[in-house]
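Structural description and commentary
Letter by letter, the chains look like this.
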Amino acid sequence: MLGRRQSPDSADSSSDESSGSIPHLLRGLQEYLAARTELLGIESAEASQFAKQQALHGIILAVAALFGYSLLLVAVIAIFGAVIAPLLPSPLDDFGWHIIAIAAGSLHFLLAFRMLRKLRRPPGAPLFEVTRSEFQKDRQWIKDQQDKNESSS
């Protein structure tokens, strides 16, 4: 047992007993590590899915913001051109495409705002919740075993 010292007389008699428990201990350790690895893999897949979703929202945000900025820039330039046009010898007559460019740019910025809100939203469930819970249980179990061993020695 952990934390117990054996007298020289009892060491010989228990060596036969402990030699059978080493493979059992190793098998238990192997099963424990396999279970923890599998749990970590499952939760990593969940975290990966969340990261992919966030990346997609980020890409949509970047594209929408770029198009919105581009279209609004074109519209602002066109409007300033229309304001300056009366001062020029041949003014522009058609303003229809300016309104469409502003509307399209506004829609792209609205989409970008929605994607920004989705990016700022935390995941529905905490990531690695089960793994953290299991590690906490393991820590508590180890502490209990140490306390038990200290009180029995």
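The structure displayed is predicted, hence computed values, not measured ones. (Residues numbered from 1 in each chain as written. Predicted model: local features only at pLDDT ≥ 70, side-chain atom pairs only at ≥ 80, totals over all residues. Heavy atoms only, no water.)

**So, the overall build of the chain**
The cut-off we apply is this: Each helix is a run of DSSP H or I of at least 4 residues and each strand a run of E of at least 2, with the numbering of both proceeding from the N terminus. Throughout this description, buried means an accessible area under 20% of the type-specific maximum (1.4 Å probe, protein chains only), exposed means over 50%, and partly exposed covers the range between. Contact definition: two residues touch when any of their heavy atoms are within 4.5 Å. Only the protein chains shown count as cover for residues, and all accessible areas are computed by the Shrake-Rupley method using a 1.4 Å probe.
Helix and strand counts for the chain stand at three helices and zero strands. The burial tally for the chain puts 14% of its 153 residues in the buried class. Sequence-distant contacts in the chain: of pairs separated by 6 or more residues, those separated by 24 or more amount to 83%. On the chain, roughly 12,100 Å² of surface is accessible, and the fraction owed to carbon and sulfur atoms is 66%.

**Looking at helix α3 (residues 129–152)**
Selection rule: Given the number of residues in a helix, its expected span is that number minus one, multiplied by 1.5 Å.
For α3, built from 24 residues, the straight-helix expectation of 34 Å at 1.5 Å per residue is met to within 8% by its first-to-last C-alpha distance of 35 Å. Taken residue by residue, α3 has Thr131, Asp138 and Asn149 as its buried positions.

**Description of the confidence of the model for the chain**
The test is simple: Residue-level confidence of the predictor, termed pLDDT, takes values from 0 up to 100.
For the chain, per-residue confidence averages 76 on the pLDDT scale, and 72% of positions sit at 70 or higher. When pLDDT is averaged over each element of the chain, α3 comes out on top at 82 and helix α1 (residues 8–84) at the bottom at 79. A low-confidence stretch, residues 1–17 stays under pLDDT 50, and its non-local contacts, those more than four residues away or across chains, total five contacts.

**Remarks on the side chain of Arg36**
Inspection of the secondary structure assignment puts Arg36 in helix α1. Taking relative accessible area as the criterion, Arg36 reaches 16% and is therefore assigned buried. In this structure Arg36 touches Glu134, Phe135 and Asp138, once residues within four positions along its chain are discounted.

**A short note on the pattern of salt bridges**
Opposite charge on two side chains permits pairing when their charged atoms draw close. Our working definition: Salt bridge criterion: a side-chain nitrogen from Lys or Arg within 4 Å of a carboxyl oxygen from Asp or Glu.
What the rule picks out here adds up to four salt bridges. The partner of Arg36 in a salt bridge is Glu134, with the nearest N and O atoms 3.5 Å apart. Here Arg36 is found in helix α1, whereas its partner Glu134 is found in helix α3, with 98 residues between them in sequence. The class of Glu134 is partly exposed, set by a relative accessible area of 21%. Glu134 is paired through a salt bridge with Lys137; the nearest N and O atoms lie 3.4 Å apart. Here Glu134 pairs with Lys137, and both are found in helix α3, just three residues apart, close to one helical turn. What makes Lys137 partly exposed here is its relative accessible area of 49%. A cluster of three or more residues bridged by salt bridges with shared partners is formed by Arg36, Glu134, Lys137 and Asp138.

**Some details on the side chain of Glu43**
Quick note on the threshold: The sign given to each residue is positive for Lys and Arg and negative for Asp and Glu; His and the chain ends receive no count.
Along the chain, Glu43 turns up in helix α1. Comment: no salt bridge for buried Glu43; closest opposite-charge side chain is Arg132, at 6.9 Å.

**What about a nonpolar patch on the surface?**
Our working rule: Note on patches: the residues involved have over 30% relative accessible area and no salt bridge, like charges join within 9 Å, and the nonpolar side chains Val, Leu, Ile, Met, Phe, Trp and Tyr join within 5 Å.
On the surface, a cluster of nonpolar side chains totalling about 560 Å² of accessible area is made up of Ile22, Leu26, Leu29, Tyr32, Leu33 and Phe135. Tallying contributions element by element places α1 first for the nonpolar patch, with five residues. As for its placement among the helices and strands, Ile22 is situated in helix α1.

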